[in-house]
Structures are given as C-alpha cells and as structure tokens.
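Structure assessment
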Amino acid sequence: MMVAAPAGRALLAAGVLAVAGCAGNGSQSALDTAGSHADRIASLWWVFLWVCAAVYVVVIAALLYGVWRRSGRGEAVVVDPDPASEATRRTVVSTAVGLTIVVVVALTAASYLTDRALATDGADDPSAVRIKLTGHQWWWQVVYDDPVAARQVTTANEIHIPVGRAAIIQLQSSDVIHSFWVPNLNGKQDLIPGRNTNTIRVRPERIGTFRGQCAEFCGAQHANMAMLVHVDSADDFDKWRDGQLASAAEPADDESRRGRDVFLSSSCVLCHTVRGIGAGGRAGPDLTHVASRETLAAATIPNTTGHLAAWIADPQRIKEGVHMPSNGLDPEDLQALLAYLRTLE
Ligand code: CUA
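Below: a short report on this structure. The structure displayed is predicted, hence computed values, not measured ones. (Residues numbered from 1 in each chain as written. Predicted model: local features only at pLDDT ≥ 70, side-chain atom pairs only at ≥ 80, totals over all residues. Heavy atoms only, no water.)

A short note on the packing of helix H7 (residues 305–313) against helix H9 (residues 331–342)
Packing of H7 against H9 leaves a shortest axis separation of 10 Å and a crossing angle of 125 degrees. Looking at the two axes, H7 sits oblique to H9. Between H7 and H9 the crossing geometry is right-handed. Judged by residue contacts, Thr305, Leu308, Ala309 and Ile312 of H7 engage Leu334, Leu337, Leu338, Leu341 and Arg342 from H9. Residue classes in the contact of H7 with H9 are distributed as seven nonpolar, one polar and one charged. (Axes fitted to C-alpha atoms, helices over the stretch in contact; angles between N-to-C directions. Helix = DSSP H or I, 4+ residues; strand = E, 2+ residues; numbered from the N terminus. Parallel < 35°, antiparallel > 145°, perpendicular 65-115°, else oblique. Left-handed = near helix turned anticlockwise from the far one by under 90°. Contact = heavy atoms within 4.5 Å. Nonpolar A, V, L, I, M, F, W, Y, C, P; charged D, E, K, R; others polar.)

Shown next, in the form of structure tokens:
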C-alpha cells in the first residue's frame with residue numbers, strides 16, 4: 001500500500017495535467033468551447049468527470065480500508081456471526097446499492113437532457129445561416145444556401161460563419177462516409193452517401209478560427225481531411241460573403257493573363273471551377289477565391305505560393321492517393337499559373 005499511494009498521486013497529477021492541457025486555449029479542443037452546443041457537451045463532460053472521480057475515490061478508499069482491517073490477521077475469512085455487525089453490513093451494502101442507482105440514474109438523466117437541448121438549440125433561429133456541406137475524398141465542398149440562386153456561394157475546406165447566429169449545416173457525401181467534427185463548436189455528425197437529411201447546428205459565441213477534422217475513417221488521407229471554421233463578426237461575415245459572390249478578378253498583368261490561359265488549356269479546368277472565365281469543373285474544389293483561403297488541400301498545407309507550387313507540381317508527394325494528378329507543366333507555365341491563382345482573392 002505504501003507503493004500505491006505515491007503511484008496514485010502521480011496518476012492523479014498526470015490526469016489533472018492532461019485535463020488542464022485539454023482545457024487550455026486550443027483550436028480543436030472540446031473543452032475550450034466557442035459555441036453553445038459545445039458548452040453543453042463540455043458541462044456534461046465535467047459532471048461525468050467529477051462524479052466518476054468521486055465514485056473512484058470512494059471505492060478505492062473502501063478497498064484500502066478493507067485491506068487495512070484484514071492486515072495483521074492471518075486466519076481465513078470467516079463471516080462474523082455477531083448480529084449487530086451483520087446489521088451494520090446490511091446497511092452499508094444497501095446504502096451503496098442505493099447510491100449506485102441514484103448516480104447511474106442521475107448521469108443518464110443529465111445525458112438525456114443534454115441530448116434534448118442539443119437537438120433544439122439553434123433550430124428556431126430565423127437568422128440562421130444555411131450551409132450544404134459535401135464530403136469528398138478528401139476535401140469539403142461548402143455551399144451557402146440562399147433563396148436567390150444567384151446569391152449562393154460555393155467554396156471549399158473553409159467555412160465562415162457569423163458570431164451569435166446559428167448555422168444549420170446539411171451534411172452529405174459524394175463517396176464514402178465522412179464525419180463533421182469541430183470540437184470547439186459541437187460534437188460529431190456523419191456525412192452519409194445517399195442520405196442527405198443529416199444536419200448539425202452550431203451557434204458560435206466567440207470570434208476566432210477553429211479547426212475541424214473528418215472523424216470517420218474514409219481512406220488513405222482521412223487524417224488530412226481537415227477544415228477551418230472562421231467565426232467572423234457580422235460585418236466581416238457579410239463582407240466575406242459579398243466577396244465570395246463576385247466572379248474571379250480579371251488578371252491585371254501579362255503573366256497572370258498567361259496563367260489564366262494555362263489554367264484553361266491544361267487539365268486544371270477539367271476538375272476545378274473558376275467563375276467568370278468559363279471553367280466549370282466539379283470534381284475538385286472551387287478555386288474562384290482560392291487565394292482568400294488560409295490553407296490548401298483540406299487544411300493540409302498553408303496557402304503560400306511555395307506550397308501551392310509544390311502542390312500543383314506533385315500533389316501525390318504531399319497527399320498520397322489524392323485524386324489530383326501530377327501536372328507536367330513546364331516551369332514558366334507553372335510560374336504564370338501561380339501568378340494567376342494568387343490573384344484569385
Ligand atoms: Cu473523410 Cu475521414
């Protein structure tokens with residue numbers, strides 16, 4: 001027992017440190033909440049943690065007490081025939097059983113109530129932003145619904161939503177099952193091919209950028225199927241959305257113009273859309289405003305000219321198995337194409 005106490009303390013310390021680490025400020029942390037749904041889940045999590053920790057401490061204390069009482073007595077265990085201690089034992093066991101039932105029922109009720117609250121939170125927000133999210137191996141297509149078709153916005157891998165308003169995200173998949181998970185904002189929900197009725201809601205309460213991750217194994221690059229959720233102020237969101245509505249900027253110099261021609265005359269145009277130049281490929285992300293995004297390849301690499309060049313030249317090297325083929329562009333064409341893509345803000 002002298003060994004168990006320091007070991008137990010070390011375990012507890014490690015546990016507290018781990019929890020403190022999770023609770024610290026972090027993108028992709030379910031305990032550093034930034035939305036009402038995540039708040040509810042985190043509260044439930046803390047209730048479970050402390051109740052289970054208390055139960056654990058009581059059980060271990062009872063065990064240690066039993067061992068301590070027995071220590072020193074060498075004889076075999078015999079039931080104490082004394083009726084008084086028999087009655088005490090009965091009381092202790094009945095109390096323990098009763099408390100166990102109370103704890104289990106209370107935790108079940110807390111879980112049920114949280115689930116119900118999650119199911120309705122944000123459902124009646126008339127100002128909710130509606131997004132259609134489609135999972136692809138291995139990227140996310142994001143379409144902002146609007147009653148006016150011309151005001152629909154299509155982008156990829158980065159979602160912008162306004163703070164304080166609900167976002168209702170309809171989930172669907174074009175190939176296999178994926179799962180939407182932005183821990184700072186809510187729990188997980190699957191994107192299932194052939195079933196486009198799954199939705200998840202988030203209601204962000206804090207401006208910031210939060211990382212999300214596909215949470216259902218979906219093939220070789222499942223781990224590199226991430227996304228960024230930018231929670232903007234109302235003004236910033238409106239500005240962003242208006243910017244996304246615009247067609248691609250007209251290239252201002254010869255090199256960018258040449259880059260646009262490279263885009264239109266090479267295999268890029270078969271898979272990617274750039275609105276306004278007659279490029280309507282649908283197999284890959286919409287690139288009309290690709291330069292306005294922070295990352296490339298579903299949050300795999302930062303969106304810099306160098307990374308973009310490496311990605312176009314040999315995507316398989318960065319994301320093996322990705323459906324984008326390598327491009328045998330000659331260096332000057334690649335430079336021009338890069339210059340053009342950097343103008344697409
Ligand atoms: Cu998509 Cu895992």
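Observations regarding the pairing of strand E4 (residues 158–162)
With five of five residues buried, E4 lies mostly within the body of the structure. When E4 meets strand E10 (residues 226–232), the two strands line up parallel, connected through five bridges. Bridge pairing links Ile159 to Val229 in E10. (Buried < 20%, exposed > 50% of the residue type's maximum accessible area, 1.4 Å probe, protein only. Pairing = 2+ DSSP bridges.)

Here we look at helix H4 (residues 234–245)
With twelve residues, H4 ought to run about 16 Å at 1.5 Å a step, and its terminal C-alpha atoms sit 17 Å apart, in line with that. Of the residues making up H4, those classed as buried are Phe237, Trp240, Arg241 and Gln244. One face of H4 carries all of its buried residues, which in axial projection span an arc of 95 degrees. Opposite the buried face of H4, at more than 90 degrees from it, the exposed residues are Asp235 and Lys239. Elements in contact with the buried residues of H4: strand E1 (129–136), strand E2 (139–144), strand E3 (153–156), E4 and E10. (Expected span 1.5 Å × (residues − 1). Arc of directions from axis to C-beta.)

Structural notes on the nonpolar core
Residues Leu133, Tyr144, Ile159, Ile161, Ile169 and Phe180 are the most contacted members of the largest nonpolar core, which totals 29 residues. Taken together, the elements giving at least two residues each to this core come down to E1, E2, E4, strand E5 (167–173), strand E8 (198–202), E10 and H4. Here Ile161 is in contact with Ile131, Ala167, Leu185, Val202, Pro204, Val229, His230, Val231, Asp232 and Phe237, once residues within four sequence places are set aside. Counting residues in hydrophobic clusters, the runner-up holds 25 residues, among them Ala248, Cys268, Ala279 and Leu308. (Core = buried A, V, L, I, M, F, W, Y, C linked by side-chain atoms within 4.5 Å.)

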